[in-house]
Amino acid sequence: MREPNFQSHHLRTISRLVERLCADPCSVAIIVGGSQAKGLGKETSDVDFCWVVTDEEHARRRATGELVYVANDEGLVGYPGGYVDGKIVTLDFLRAVRDRGSEPARAAFLGAMVPWARRAEDGVEALVRAIATYPEHERAHKMTGFVAQLEAMRYYLETGEQHGNRYLLTWASARAVLFGYRLILAHNRILYPYHKWLRAFVADAPEKPADLLRLSDELIEAPGKRTGEAFCKAVLSFRDWERPAQWQTRFMDDSELNWLHAPPPLEDA
């Protein structure tokens, strides 16, 4: 992982943010993360943070739908185009992320710092460190699922080309890259940071096919059987991956029958 690259104007903004929010009796802690914590920030980057509040304050805000804190006033932000963007959470939320959070939820805390906490006994810094740990106990099961998804996307790319189905080709190419990348991240025990920073994290992965990024770009730019086969083959032949007994069954369980075990994602609801 890259080292955090907070710049002086970001640090001044964080100091002002802490001064403003710690005065609120509902404040429990402030956690600063985002692109700068991950070493991917720019001079113009905003300041991403979590504002940890009491359960009562969170319940009040949940009732009114106000769980985001965004501000860019001059008394807070002192650089052009800058702003702060915060999610309002509780200690119980942090504990839930530690115990069962998704990889993107965990990755949000990579490199994060705790510039202020009301009580040391709440253990916010230890929580943040635990959250950003790779979930080893999930790794093997996920990796066989990623292999199944890649095989399915290989099939859909061929089918999409046969039928001239541009939508299917575009969807399958993006999914193939997603799950190929995820397999490589899991191999390297690197948390999946969600879509925005996915390519940057894969680029930093020490063990991957030498031409992975080029092949993925070619697949996205010209989705089809040839580019799909080149990308999928590069990933699937990189290691002797453990495979599900039938990729079709695993794909069906993960993508078509997931509603049996939990509410379906919005895209399928």
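Residues numbered from 1 in each chain as written. Predicted model: local features only at pLDDT ≥ 70, side-chain atom pairs only at ≥ 80, totals over all residues. Heavy atoms only, no water.

**Regarding the overall build of the protein chain**
Formally: A run of H or I in DSSP becomes a helix once it reaches four residues, and a run of E becomes a strand once it reaches two; helices and strands are each numbered from the N terminus. Calculation of accessible area relied on Shrake-Rupley with a 1.4 Å probe; when residues are assessed, cover is drawn exclusively from the protein chains displayed. When charges are counted, neither His nor the chain ends are considered; positive counts come from Lys and Arg and negative counts from Asp and Glu. Every charge is mapped to an atom, namely NZ of Lys, CZ of Arg, CG of Asp or CD of Glu.
In terms of helices and strands, the protein chain carries 12 helices and five strands. With respect to the principal axes defined by its C-alpha atoms, the protein chain has extents near 60 × 40 × 30 Å. For the protein chain, the exposed surface amounts to about 14300 Å²; the carbon and sulfur share of it is 52%. The averaged location of the 38 negative side-chain charges in the protein chain is 2 Å from the averaged location of its 34 positive side-chain charges.

**Concerning the environment of V68**
Put simply, the rule reads: The contact criterion used throughout is that any non-hydrogen atoms of two residues lie within 4.5 Å.
Among the structural elements, V68 can be located in strand 3 (residues 68-71). Taking the C-alpha atoms as reference points, V68 and G82, separated by 14 residues in sequence, lie 17 Å from one another. In this structure V68 touches D85, G86 and I88, once residues within four positions along its chain are discounted.

**Focus on a nonpolar patch on the surface**
Our working rule: Residues enter patches when they are more than 30% accessible in relative terms and free of salt bridges; like-charged ones are connected within 9 Å and nonpolar ones (Val, Leu, Ile, Met, Phe, Trp, Tyr) within 5 Å. We define a salt bridge as a contact between a side-chain nitrogen of Lys or Arg and a carboxyl oxygen of Asp or Glu at a distance within 4 Å. Only protein chains enter the accessibility calculation, which uses a 1.4 Å probe. A residue is then buried if its area is under 20% of the maximum for its type, exposed if over 50%, and partly exposed in between.
A contiguous nonpolar surface patch, about 270 Å² in accessible area, is contributed by V68, V70 and Y83. Structurally, the position occupied by Y83 is in the loop between strand 3 and strand 4 (84-89). Judged by relative accessible area, Y83 falls into the partly exposed class, the value being 34%.

**Brief notes about the nonpolar core**
Most often, soluble globular proteins have nonpolar side chains that are buried together. Basically, it comes down to this: The criterion is simple. A nonpolar core is a set of buried Ala, Val, Leu, Ile, Met, Phe, Trp, Tyr and Cys residues joined through side-chain atoms within 4.5 Å.
Counting residues in each nonpolar core, the largest one holds 42 residues, and the members touching the most others are L150, Y181, L183 and F231. Secondary structure elements with two or more residues in this core: helix 7 (136-163), helix 8 (166-187), helix 9 (198-204), helix 10 (212-221) and helix 11 (225-236). With 11 residues, helix 8 is the single largest residue contributor to this core. Apart from residues no more than four positions distant in its own chain, L183 is found in contact with M143, F146, V147, L150, V235 and W241. The next biggest cluster of nonpolar side chains, apart from the first, holds 21 residues, and it includes L17, W51, V77 and W116.

**Some points on the sheet that holds strand 2 (residues 47-53)**
The strands making up a sheet associate through backbone hydrogen bonding, with each pair oriented either parallel or antiparallel. We count it as follows: Here the rule is simple: two strands pair whenever DSSP picks up at least two bridges between them. A fitted line through C-alpha atoms serves as each axis, taken over the contacting stretch for helices, and the angle formed by two N-to-C directions is quoted from 0 to 180°.
With mixed pairing, the five strands of this open sheet are ordered in space as 3-4-2-1-5. On the outer flanks of this sheet lie strand 3 and strand 5 (113-117), each paired with one strand and no other. Within the sheet, the average angular offset between the axes of one strand and its neighbour, ignoring direction, is 20°. Two strands pair when backbone bridges link them, and strand 3 and strand 4 are joined in this way by four bridges, in the antiparallel orientation. The partner of V68 across the bridge, within strand 4, is K87.

**What to know about unusual backbone geometry**
At R189, a residue that is not glycine, the phi angle is positive and equals roughly 55°. Note on R189: relative accessible area 43%, which makes it partly exposed. Residues other than glycine seldom take positive phi values, yet Y194 does so here, at roughly 80°. Y194 gets classed as partly exposed once you look at its relative accessible area, which sits at 48%.

**Some words on the packing of helix 10 against helix 11**
Selection criterion: Orientation labels follow simple angle bins: below 35 degrees gives roughly parallel, above 145 gives roughly antiparallel, 65 to 115 gives roughly perpendicular, and whatever is left gives oblique. For a crossing to be left-handed, the near helix must be turned anticlockwise from the far one by less than a right angle; the clockwise case is right-handed.
Orientation of helix 10 relative to helix 11, taken along the N-to-C sense of each, is 150°, at an axis distance of 8 Å. Classified by the angle between their axes, helix 10 and helix 11 sit roughly antiparallel to one another. The two elements helix 10 and helix 11 meet at a crossing, and its hand is left-handed. Where helix 10 abuts helix 11, its residues L212, L215, S216, E218 and L219 lie against T227, G228, A230, F231, A234 and V235.

**Comments concerning helix 6 (residues 124-131)**
Applied cut-off: Think of it as the arc spanned by the lines of direction from the helix axis to the C-beta atoms.
Those residues of helix 6 not exposed but buried are V124, L127, V128 and I131. Each buried residue of helix 6 lies within a common arc of 100° when the element is viewed along its axis, so the set occupies one face. The elements touched by buried residues of helix 6 are strand 1 (27-33), helix 4 (91-100), helix 5 (103-107) and strand 5.

**Regarding the packing of helix 7 against helix 8**
Geometry of a packed helix pair, given as the angle between the helix axes and the separation of the axes. Counted only if it meets this: Classes in brief: Ala, Val, Leu, Ile, Met, Phe, Trp, Tyr, Cys and Pro nonpolar; Asp, Glu, Lys and Arg charged; the others, Gly included, polar.
Taken N-terminus to C-terminus, the directions of helix 7 and helix 8 make an angle of 155°; their axes are 8 Å apart at the nearest point. Here helix 7 is positioned roughly antiparallel relative to helix 8, judged by the angle of their axes. Considering only the axes of helix 7 and helix 8, their crossing is left-handed. Its residues assigned to classes, the contact of helix 7 with helix 8 comprises 15 nonpolar, six polar and five charged.

**Section: the environment of R100**
Within the secondary structure, R100 sits in helix 4. With a relative accessible area of 68%, R100 lands in the exposed category. Sequence spacing of R100 and P135 is 35 residues, and the spatial spacing of their C-alpha atoms is 8.9 Å.

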